[in-house]
Amino acid sequence: MDVFAQLFGNLLVFVYHCFDRIVINGYLNGLSRPEQVVHFVREVLGIPVVSKEVLSRRTNDYQGWVESYARNHKIPMEWAGKGVRKEDYVLPALRRMERRKAYGVYFIFKSMEQGRTFRITVPKYPTQDPNHRILAHQTSRFTHYYFYIRDEVLGPIVVRMASFFPFHATYWLNGHSYMEQELKRNNIGFRKDDNAFLTVDDVAALQAAADRLSPRIIRKQLDYWTLILGPKFSKKERSQMGLSRFYSIAQIEYCRNFIFKRHFPIHKIFERSCEIGLWRLTANRISEIFAVRLDKRLRGKLATVIDQIEHGHHVFRAYWKHAFLKQYEKFSRFLRNELCSNNLRDFGLKKGLDHLDAVRQRFQTITDRFAGFQAQCLNVHVDFPLLQRIALPINIGSVRYPGIKLHDARIIRLLEALLHNGSTVGGWTTRQIHEAVITTFQLSPKTYGLNQLRYDLRKLKGHGLLQRDGRRYAYRLTRKGVDVALLFLFFHKRLCGPLANSRFHHKPDPANRPNSKLEAAYHKADKAIENIVHLLHAA
């Protein structure tokens, strides 16, 4: 991170790091194993035979309760359509909830999905207990409910509740949503687009809000919504079985966000980073970033790829076991490095929600190493189509200004005259510039007339390379104009001309070259161009 900030600090507005997407599994402690279900039915409920009908009765009761809850609270509930992205479908309902500044459930989806349940079978051979049944875990297809909630602390979250024993629950939340709620509570101004903060009044407060997301806060809110929306148990059943939820992290993402001042450098830097990263981010380098030893017993992926998620939006990924590091640019405003894990055991970490702080520390270290590697890759020359942009005509209001061509001899002469002779504090009038051009290049007034000069000055002024001195008709180069003039002249006369001559007409003999530093540099440039051509052919 220090290297990245040192190299690109002048291009950045601010940097922050936080948890992004978090997926948590909620297991019902007292009813997760077959023997616990048998004890619950026979000892707590007083039903001698554990049958499918007994478990189905609890399912029917819960499904009926969900239907009544949606009807009483006027919450829309629909079956999830095939190919429908749920988050996009419920977004209008969330926007209505935000406009009303209300909190709670705003939509319910029903979905037939595979889930973990129990299979009940009669023993093959008779036992001493005629009511004995064999329970075993199985995967079957049954109804799941997706509750879309706007929480006062965590922001928008999703709770998926299974409608059959053991009532497994899954929770989706986002660290950016929590940070948004914290900033609103503290009256700190910001602008957020999707899952990224683009501007904020207090960067330190933003980072502090990200660091405050703790297991205690998450557990408190998840317990509340599980009690409200989950299957119902009596006080007796809860006390005898010790029913509570154990929260386990199924998937987690940690990101570092680099917010840039301008749109231009982001895509070019990212594009160049992908090109070099595919070559340099080898298996050994990936193992160094994740701080693990590389051996033949490594399970899972170990590769670098570029995925095209949608048209024009690419993601650079470095896979390691069941985790991956990815980098992408979004909204032409920020660059994001993100670490995603689908199994925390790969990092030697425990999955319990209580170990969230250990996950944060470990992931910060890994993303820090990745940012250091990316800084080295990004510290390169990138393409800026200056010549292409200046060559195109531009419109300012209703006025159209022609483009400026690099090979235009008139423009080259004019820029050279302005660069060397137009350094007067008050600028040079059109006649003075005309006299300087025809005198310097030994031209006749008929070859380069005053009207032709006015046309060229108009082009330079339209592209922001020339400016007037107040209300006077006197001109001088702007700061951008000086840079463009130097680039044009050096490129045309001192760089491109000699190198092109050596490539296409005559290459000087290096053994008999004069004792000149400039000539030695030309020979080095010739050799470097040949090497670049060979590398491009190999690529």
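Residues numbered from 1 in each chain as written. Predicted model: local features only at pLDDT ≥ 70, side-chain atom pairs only at ≥ 80, totals over all residues. Heavy atoms only, no water.

Draft legend 1. Layout of the layout of surface pockets. Estimated volume of the largest pocket: approximately 1,600 Å³. Lining the largest pocket are 43 residues, with Arg85, Glu87, Asn174, Asp194 and Asn195 sitting closest to its centre. With 5 residues, the top contributor of residues to the lining of the largest pocket is helix α6 (residues 175-185). Classifying every residue of the lining of the largest pocket gives 16 nonpolar, 7 polar and 20 charged. (1 Å grid on protein atoms, 1.4 Å probe; cavity = no way out; pocket = protein on both sides within 12 Å on 5 of 7 lines; lining within 4 Å. Points joined across faces, edges and corners; volume = space filled by probe spheres on them. Helix = DSSP H or I, 4+ residues; strand = E, 2+ residues; numbered from the N terminus. Nonpolar A, V, L, I, M, F, W, Y, C, P; charged D, E, K, R; others polar.)

Draft legend 2. Focus on helix α3 (residues 52-72). Between its terminal C-alpha atoms α3 stretches 30 Å, which fits the 30 Å expected from 21 residues at 1.5 Å a residue. What α3 keeps buried is the set Val54, Leu55, Arg58, Thr59, Tyr62, Val66, Tyr69 and Ala70. Seen from one end, α3 has its buried residues packed into an arc of 155°, which puts them on one side. Residues of α3 that are exposed and point more than 90 degrees away from the buried face comprise Lys52, Glu53, Asp61, Arg71 and Asn72. (Expected span 1.5 Å × (residues − 1). Buried < 20%, exposed > 50% of the residue type's maximum accessible area, 1.4 Å probe, protein only. Arc of directions from axis to C-beta.)

Draft legend 3. Inspection of the environment of arginine 410 at higher detail. The topology assignment puts arginine 410 in helix α14 (residues 409-421). On the basis of relative accessible area, arginine 410 is assigned to the partly exposed category, the value being 24%. Distance from arginine 410 to tyrosine 448, taken between C-alpha atoms, is 8.4 Å for residues 38 residues apart in sequence. In contact with arginine 410, not counting residues within four places along its chain, are Tyr448, Gln452, Tyr455 and Asp456. (Contact = heavy atoms within 4.5 Å.)

Draft legend 4. Here's a closer look at the side chain of threonine 367. Here threonine 367 is to be found in helix α12 (residues 356-378). Within the local environment of threonine 367, its side chain forms a polar contact with the side chain of arginine 256, the two groups lying 2.9 Å apart. Not counting residues within four places of it along the chain, the set of residues in contact with threonine 367 comprises Tyr254, Arg256, Leu325 and Leu339. (Polar contact = N/O pair within 3.5 Å; in protein donor to acceptor, adjacent residues only side chain to side chain.)

Draft legend 5. Structural context of the pairing of strand β1 (residues 12-28). A large share of β1 lies buried, amounting to 13 of its 17 residues. The pairing of β1 with strand β9 (residues 245-260) spans 14 bridges and is classified as antiparallel. Across the sheet, residue isoleucine 24 finds its bridge partner in β9, namely isoleucine 249. As defined by bridge partners, β1 adjoins strand β6 (residues 169-174) across 6 bridges and the pair is classed as antiparallel. Bridged to valine 23 within β6 is tryptophan 172. (Pairing = 2+ DSSP bridges.)

Draft legend 6. Structural view of the sheet that holds strand β17 (residues 466-468). Pairing in this open sheet of 3 strands is antiparallel, and the strands run β16-β18-β17 from one edge to the other. Here the strands that pair on one side only, and so sit at the sheet edges, are β16 (428-429) and β17. Pairing analysis gives 2 bridges linking β16 to strand β18 (residues 474-477), with the strands arranged antiparallel. Bridged to tryptophan 428 within β18 is tyrosine 475.

Draft legend 7. Spatial organisation of the packing of helix α15 (residues 430-440) against helix α16 (residues 450-462). Running from amino to carboxyl end, α15 crosses α16 at an angle of 105°, the nearest separation of the two axes being 10 Å. By the criterion of interaxial angle, the relationship of α15 to α16 is roughly perpendicular. Facing α15, whose interface residues are Thr430, Arg431, Ile433 and His434, α16 presents Leu450, Leu453, Arg454 and Leu457. Residue composition of the contact of α15 with α16, by class: 4 nonpolar, 2 polar and 2 charged. (Axes fitted to C-alpha atoms, helices over the stretch in contact; angles between N-to-C directions. Parallel < 35°, antiparallel > 145°, perpendicular 65-115°, else oblique.)

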